[in-house]
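Residue strings, one per chain:
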Amino acid sequence: MRAWLQRFMAGRYGSDHFNRFLAIASLVFLIFGIFLPGIFGILFYAVGFGMLIYSYIRMFSRDHARRAAENRWYWAKRSAVTAWANTLRTRFALRKTYRYFRCPHCRQQLRVPRGRGNISITCPKCKTSFIKRS
């Protein structure tokens, strides 16, 4: 049986991180589809089933270049989301020490120490000065 599976999968793309994400997300959608009533349950179930089918299509595909490009796209989106989450985590951890402001001119995010009263903040990017209470 193992030799048959190895011969069957020879030349096929197989599984990668995007495939694993699709499989787990499809299972979550299928479970929500089972427990949600009415049209929402049917919608969640259909989306989950579609994601599962797409996961298997990717796994059995012989188009390695396209599947690798999809995986790179997934990693780019995942990196953006994790960077955003890490920024929020850092801001939350430092919330008692620093305040965060945006420059009114260039929208650059600036960090200043708390408890200094009214201070003049100069943006290092565009050199705009503005006064805020820290």
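Here the residue index of a chain counts from 1 through its sequence in written order. Since the coordinates come from a predicted model, pLDDT governs what is reported: local features require at least 70, and pairs of side-chain atoms require 80 or more to be given and counted, while whole-chain, interface and lining totals use all residues. In computing side-chain values, all of the structure's heavy atoms are included and hydrogens and water are not.

Q: In this structure, what is going on with helix α2 (residues 17–35)? I would like to understand it.
A: Side chains of residues three or four places apart in an α-helix project in the same direction, reflecting 3.6 residues per turn. Segments assigned H or I by DSSP are reported as helices when at least four residues long, segments assigned E as strands when at least two residues long, and all are numbered from the N terminus. Given a helix with a known number of residues, its expected span is that number minus one, times 1.5 Å. Here α2 contains 19 residues, and its C-alpha end-to-end distance of 28 Å stays within 8% of the 27 Å for a straight helix at 1.5 Å per residue. Only protein chains enter the accessibility calculation, which uses a 1.4 Å probe; a residue whose area is less than 20% of its type maximum is buried, one above 50% is exposed, and one in between is partly exposed. Residues of α2 that are buried: Phe18, Asn19, Leu22, Ala25, Ser26, Leu30 and Gly33. Angularly, the buried residues of α2 cover 145° about the axis, an arc narrow enough to put them on a single face. Counted as exposed and oriented over 90 degrees from the buried face of α2: Ile24, Ile34 and Phe35. In what follows, residue pairs with any heavy atoms lying within 4.5 Å of each other are defined as contacts. Against the buried residues of α2 lie α3 (38–60) and α4 (64–93). Polar contact is defined as a pair of N or O atoms within 3.5 Å, subject to the rule that within protein one atom must be able to donate a hydrogen and the other to accept it, and that residues adjacent in sequence are counted only when both atoms are side-chain atoms. Measuring from the side-chain oxygen of the N-cap residue of α2 to the backbone nitrogen of Phe18 gives 3.4 Å; that N-cap residue is Asp16. To be clear, the arc concerns the directions from the helix axis to the C-beta atoms.

Q: Would you explain the environment of Arg116 in this entry?
A: Turning to its location among the elements, Arg116 is positioned in the loop between β2 (109–113) and β3 (118–122). Judged by relative accessible area, Arg116 falls into the exposed class, the value being 57%. In this structure the C-alpha to C-alpha distance between Arg116 and Arg133, which are 17 residues apart in sequence, comes to 7.6 Å.

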